[in-house]
Structure formats: C-alpha cells, structure tokens
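# Fold and contact review
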Number of protein chains: 2
Amino acid sequence: MLINAQLYLIIFFTQSLMRLFQTHIDIVDDFDQDLIEQLLVLAKKHDFMIFEDRKFADIGNTVKHQYGNGIYRIASWSDITNAHGVPGEGIITGLKEVGLPLGRGLLLLAEMSSKGALTYGEYTTQTIEMARRNQDFVMGFITQRCINEHPDEDFIAMSPGIGLDVTGDGLGQQYRTPRQVIVESGCDLIIVGRGIYGKGRDVQAEGRRYQEAGWSAYQERISQ
Amino acid sequence: MLINAQLYLIIFFTQSLMRLFQTHIDIVDDFDQDLIEQLLVLAKKHDFMIFEDRKFADIGNTVKHQYGNGIYRIASWSDITNAHGVPGEGIITGLKEVGLPLGRGLLLLAEMSSKGALTYGEYTTQTIEMARRNQDFVMGFITQRCINEHPDEDFIAMSPGIGLDVTGDGLGQQYRTPRQVIVESGCDLIIVGRGIYGKGRDVQAEGRRYQEAGWSAYQERISQ
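Residues numbered from 1 in each chain as written. Chains lettered and ligands numbered in written order. Predicted model: local features only at pLDDT ≥ 70, side-chain atom pairs only at ≥ 80, totals over all residues. Heavy atoms only, no water.

## Let's talk about the pattern of salt bridges
One pass over the full model with this rule turns up 39 salt bridges over all chains. Measuring nitrogen to oxygen at the nearest pair gives 2.8 Å for the salt bridge that ties Arg145(A) to Glu111(A). Of this pair, Arg145(A) sits in the loop between strand E5 (138-142) and strand E6 (156-159) while Glu111(A) is found in the loop between strand E4 (105-109) and helix H5 (121-132), placing the two residues 34 residues apart along the sequence. Of the charged contacts in the structure, one is a salt bridge between Asp188(B) and Arg221(B), with a shortest N-O distance of 3.4 Å. In this pair, Asp188(B) sits in the loop between helix H6 (178-184) and strand E7 (189-190) while Arg221(B) sits in helix H8 (residues 203-222), placing the two residues 33 residues apart along the sequence. (Salt bridge = Lys/Arg side-chain N within 4 Å of Asp/Glu carboxyl O. Helix = DSSP H or I, 4+ residues; strand = E, 2+ residues; numbered from the N terminus.)

## A short note on the nonpolar core
Of all hydrophobic cores here, the largest spans 99 residues; its most connected members are Leu95(A), Leu108(A), Leu95(B) and Leu108(B). Leu95(B) has contacts with Phe56(B), Val63(B), Tyr67(B), Ala83(B), Leu106(B) and Phe137(B), leaving out every residue within four places of it along the chain. (Core = buried A, V, L, I, M, F, W, Y, C linked by side-chain atoms within 4.5 Å. Buried < 20%, exposed > 50% of the residue type's maximum accessible area, 1.4 Å probe, protein only. Contact = heavy atoms within 4.5 Å.)

## Quick look at the sheet that holds E7(B)
Residues and elements named next belong to chain B. Ordered in space as E1-E2-E3-E4-E5-E6-E7, the seven strands form an open sheet in which the pairing is parallel. In the strand order of this sheet, the two ends are held by strand E1 (20-23) and E7, each with one partner. In the packing of helix H5 (residues 121-132) onto the sheet, the strands contacted are strand E4 (105-109) and strand E5 (138-142), and the crossing angle to E4 comes to about 165°. (Pairing = 2+ DSSP bridges. Axes fitted to C-alpha atoms, helices over the stretch in contact; angles between N-to-C directions.)

## Some words on the UniProt feature "binding site: substrate" (unreviewed entry) in chain A
All names here are of chain A. Mapped onto the present numbering, the UniProt feature "binding site: substrate" (unreviewed entry) falls at Ser113, Gln173, Gly193 and Arg194. Across 82 residues of sequence, these annotated residues stay compact in space, with a maximum C-alpha separation of 14.2 Å. Residue position: serine 113 is located in the loop between E4 and H5. Exposure remark for serine 113: the relative accessible area of 9% places this residue in the buried category. Setting aside chain neighbours within four positions, we find serine 113 in contact with Gln144, Pro160, Gly161, Gly172, Gln173 and Gln174. At 2.9 Å, the side chain of serine 113 forms a polar contact with the side chain of glutamine 173. (UniProt positions renumbered as here; feature names shortened; annotations may be inferred. Polar contact = N/O pair within 3.5 Å; in protein donor to acceptor, adjacent residues only side chain to side chain.)

## Examining the interface of chain B and chain A
With 51 residues of chain B at the interface, the matching set in chain A holds 51 residues. Together, the buried faces of chain B and chain A total about 4,000 Å²; carbon and sulfur atoms form 59% of this surface. On the surface where chain B and chain A come into contact, there are five salt bridges. Asp26(B) is the salt-bridge partner of Arg54(A), the closest N and O atoms lying 2.9 Å from each other. Linking chain B to chain A there are 18 residue pairs in polar contact (both at pLDDT 80 or more). Elements represented by at least two residues in the side of chain B that touches chain A include exactly strand E2 (49-56), helix H3 (60-68), helix H4 (90-99) and H5 of chain B. If one sorts the elements of the side of chain B that touches chain A by residue count, H3(B) sits on top with six residues. (Buried area = accessible area lost by both parts, 1.4 Å probe.)

## A word on empty space enclosed by the protein
A complete count under the given rule lists one cavity of 30 Å³ or more for this structure. Empty space within the largest cavity amounts to approximately 70 Å³. Contributing to the lining of the largest cavity are Asp26(A), Arg54(A), Tyr72(A), Ile74(A), Ile25(B), Asp26(B), Glu52(B), Arg54(B), Gln66(B), Tyr72(B) and Ile74(B). (1 Å grid on protein atoms, 1.4 Å probe; cavity = no way out; pocket = protein on both sides within 12 Å on 5 of 7 lines; lining within 4 Å. Points joined across faces, edges and corners; volume = space filled by probe spheres on them.)

## Overview of the packing of aromatic side chains
Residues and elements named next belong to chain B. Across all of its chains, the model carries 12 aromatic pairs over all chains by this definition. With a centroid separation of 4.8 Å and an interplanar angle of 85°, the aromatic rings of phenylalanine 31 and tyrosine 72 are classed as edge-to-face. Of the two residues, phenylalanine 31 sits in the loop between E1 and helix H2 (33-46) while tyrosine 72 sits in the loop between H3 and strand E3 (80-83), which places them 41 residues apart along the sequence. Across the pair, exposure class does not vary: phenylalanine 31 and tyrosine 72 are buried alike. (Phe/Tyr/Trp six-rings, centres within 6.5 Å; stacked < 30°, edge-to-face > 60°.)

## Focus: the sheet that holds strand E1 (residues 20-23) of chain A
Residue and element names in this part refer to chain A. Read from one edge of the open sheet, seven strands run E1-E2-E3-E4-E5-E6-E7, paired in parallel fashion. Where the open sheet ends on each side, the last strands, each with one partner, are E1 and strand E7 (189-190). Both E4 and E5 contribute to a ladder of four bridges, which runs parallel. Bridging across to E5, leucine 108 finds its partner in phenylalanine 141. This element, helix H4 (residues 90-99), spans strand E2 (49-56), strand E3 (80-83), E4 and E5 of the sheet and lies at about 160° to E4.

## Focus on helix H1 (residues 4-14) of chain A
Helical geometry: 3.6 residues make up each α-helical turn, so side chains three or four residues apart lie on a common side. Residues and elements named next belong to chain A. Within H1, burial applies to Asn4, Leu7, Ile10, Ile11 and Thr14. Buried residues of H1 fall within an arc of 130° about the axis and therefore sit on the same side. Tucked inside the fold, the buried residues of H1 contact E1, helix H2 (33-46), helix H7 (194-197) and helix H8 (203-222). (Arc of directions from axis to C-beta.)

## Re the relation of the copies chain B and chain A
Superposing chain B onto chain A requires a rotation of 180° together with a translation of 0.0 Å along the rotation axis, leaving an RMSD of 0.0 Å. On this basis, the relationship between the two copies can be described by a two-fold rotation axis. Distance from the rotation axis, computed per C-alpha, reaches its smallest value in chain B at Ala57(B): 3.4 Å. In this assembly, 100% of the residues forming the interface of chain B have copies in chain A that are likewise at the interface, indicating an isologous arrangement. (Least-squares fit on C-alpha atoms with pLDDT ≥ 70 in both.)

## Examining the pairing of E1(B)
The sheet contact formed by E1(B) and E2(B) spans four bridges and is parallel. Each residue of the ladder has a partner; that of Phe21(B), found in E2(B), is Ile50(B).

## Quick word on the pairing of E4(B)
Residue and element names in this part refer to chain B. Judged by how many residues are buried, E4 sits mostly within the fold: five of five residues are covered. Burial along E4 is two-sided: Gly105, Leu107 and Leu109 and Leu106 and Leu108, pointing in opposite directions, are all buried. With H4 bridging E3 and its parallel neighbour E4, the resulting β-α-β unit is right-handed. Following the backbone out of E4, through H5 and into the adjacent parallel E5, one traces a crossover that is right-handed. (Right-handed = clockwise from strand over helix to strand, strands pointing away.)

## So, a nonpolar patch on the surface
Residues and elements named next belong to chain A. Together, Leu9, Phe12 and Phe13 line one region of the surface with nonpolar side chains, adding up to about 290 Å² of accessible area. When you line up the elements, phenylalanine 13 lands in helix H1. For phenylalanine 13, a relative accessible area of 31% translates into the label partly exposed. (Patch = residues over 30% accessible without salt bridge, like charges linked within 9 Å, V, L, I, M, F, W, Y side chains within 5 Å. Areas by Shrake-Rupley, 256 points an atom, 1.4 Å probe, with all protein chains shown as cover.)

See below:
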C-alpha cells in the first residue's frame, strides 16, 4: 500500500511536531534494508522514537523469532513494539528475551478503539496483571484511558483511534478527539494516522493541527 | 531463524504425509519472491494447501493491507490464514475484502494452546459468534475442541500444540497428543511444528509418526 517515498514525506512534513513515529512495516510495498537505515538516520536527526505497531499475538517461541528474525528484524530498529495479551504471559517472556537486552519497550493492548473489540472486562484485567508482573519490559498500554492505579505505577497510556473530523471509517474503527482521550480519560499520548496522512489531506497542516490539539488538551489536564 | 533451504527440506521429507503446510513467512531470514514461487510449485506437485499462520490482530483497515500488500502479499499465495477476534468483527470485514475474491479461507482463533491464554468464556463465545455471521469467509477455528453446535455448521477444527513426547516448551506452550484432540475433543486436523522439525529430530520419521497417530485417532473417532 505505502511506498518508501510516502513514509519519507510523512516524516519530512511532520518531523518537528512528532515525538514517536508509528510504523506498519509490513504494508510497505517496496521495503528494503535501506528504508530502515534512512528511518534511523531521520529518527536521530529529528529526535523521534520508532514504534512498530506489530500487534504480536502468537505464543512465546514464535513471537521471539517474529520480533528478532525474518527480513524485518523489528527488534533491531524499533524502540517500542506492542502485543496482545491473548496468548498468555508467554508472549511477554518470548519478546522480552529479544527486546530487553536491546533496551526496547513493550506496550500491551489493554483496550482497542475498534467497534466490538473484545478488550474489556476480564480480558483487560488479565492483560493489565501481566503487565504489572513484567514492569522491566512492559512500559505501558495501548488503551482508551489511564490504567495506573497504584502510586508506584507509571505505565504510559497511548491512544489510537484519534480523529478531529470523523467518527468512523466503515471498517469498524471509531474515533475520539484529543481532548476526550487526554483530558477526560487521562491518556498521555495520541496516535494519529489517517487524520494526518489520509487521502487529500495536507500532512503538514494536519500534523500541526493535531499537535496543537494534543498539547492544548495536555495543558488543560495538568492545570486541573 | 529459518532459511529457505530448511523450508524446502521440511517439505521434501514430509510431502507425502502432509495435507497442509503451515508457514510463518515472517521468520524466514532470507525470504524472497522465489521462495513463494517454489512453494506454490511444490504445493501443486505434492497436493498440499498453504496456511500462513499470521494471527492477524489489528483493525480492519490495517489487516486489509497487511494481508494483501507489503512485500509478503500473503493473500496472493496462502490458501488459508487466521485471525484473532479481539479487534471486533471489522477484522473479518477487512480481510474478507481481500481474501473472498481470491477464494481464500479464514480461521478464527477460538482457543489457544498456550498457558494462561485469554481465549475462554465470553471471549471465545464472541469469536464464535463472529464466525457464524461470516460463514462465507470463515471456514473454521484454531481450537482445542470441536465448535460446531448447529446441524448446518461445518466449521473445521484445527488444533496446534500437538506433541507425542513433550508437554511444554518453557515459553508457555502446552502440548496434547493427537488422540486427545481428535478422539476426546473432536478436532479435525492436527498442526505439528517442533514435534516434527525440532532440533535433532528425523523429520521424515517424525512426520510419519504424527501422520499415523493422527490417522489412527481419526479412525477411532469415526468408528465410535
């Protein structure tokens, strides 16, 4: 779907606004090693981190290889990745074997923004418990609200499904505004995709718009 | 982890015993388009189907691209793939857009074999309901038991975590025997990985052993 050049353009136009660049490396049609090298150069130059949104969801022995091996070698370049708790705690153990020595961090999917998501109730509770038992590697959650309950917890709360103009995409995605997730739900970071680079959008202008909306919401939250 | 040559060897030694070849294409270190072409030639020659065990787990708009695009273009060569129900029904809608016109089939993960898996209770019930609403594309389940309840249901039940010699792998995987899953739990198909190609194993001899154990269990079930 994407080609290298599009990734570069998104980075070029959003660099001073962006702190974390989220990738879906497996939808890049002309992926090659050069893309990774360029990405790392740009990350250093513009001071952003890289988050491969891989949503690992297999048993420990498999994700270990999916994370560290194959042609993508995700662990070698992605500062942060994420995983579902659905296979049980072995998924964290497997990823940790590869990621911890490299200083990487893992996000668990506590809640999803899509319609009919099964991330609620006991599923979410158990996922959070897995994170609490693995705080050396799990740095936070993909979530719709702040998860921290105990005074010693500082899990970061990152929210996808952010949109200023639309409420859905026809394939089940549901959008909330930066204010809703940051002020009302206490999240720390907004993840914006098609709101910025969607068809017909001015990437730079939209990037600025979301950055300002996020910052303004953050200021409102900390002044409360 | 794997290199092309190892995949070819596994196929070579198990071809006459195997009906479905399960891949984790993203752990092949030297993947290239030639591998896919060779795989398709071998599948035709030895009459097996290909099942990319991708465990899709993202929202509809993302999995659509992960399935049809990127360098793997999974939908173009894999007869069957699988997905978690966790993002909600949009994941099926997204995959179906790509897979249905190509005559592909989808398996949903109703139950996992790993320790502490969250695939139980309401999670599993909801996943099964999603499958029932999408029988034009969902052909069955990754499961530990037969799911069919209504007379008109013919979902295939495929079980991973099969081992004749071991009960676990130290990373949360738990093994059951072919007899347990086929006779006792009513599953249709066993998925064997490291039991056949694990370190130090004679791939051909182990392939035969699992094929015989599976066939014998199947005969026992249908004679009951």
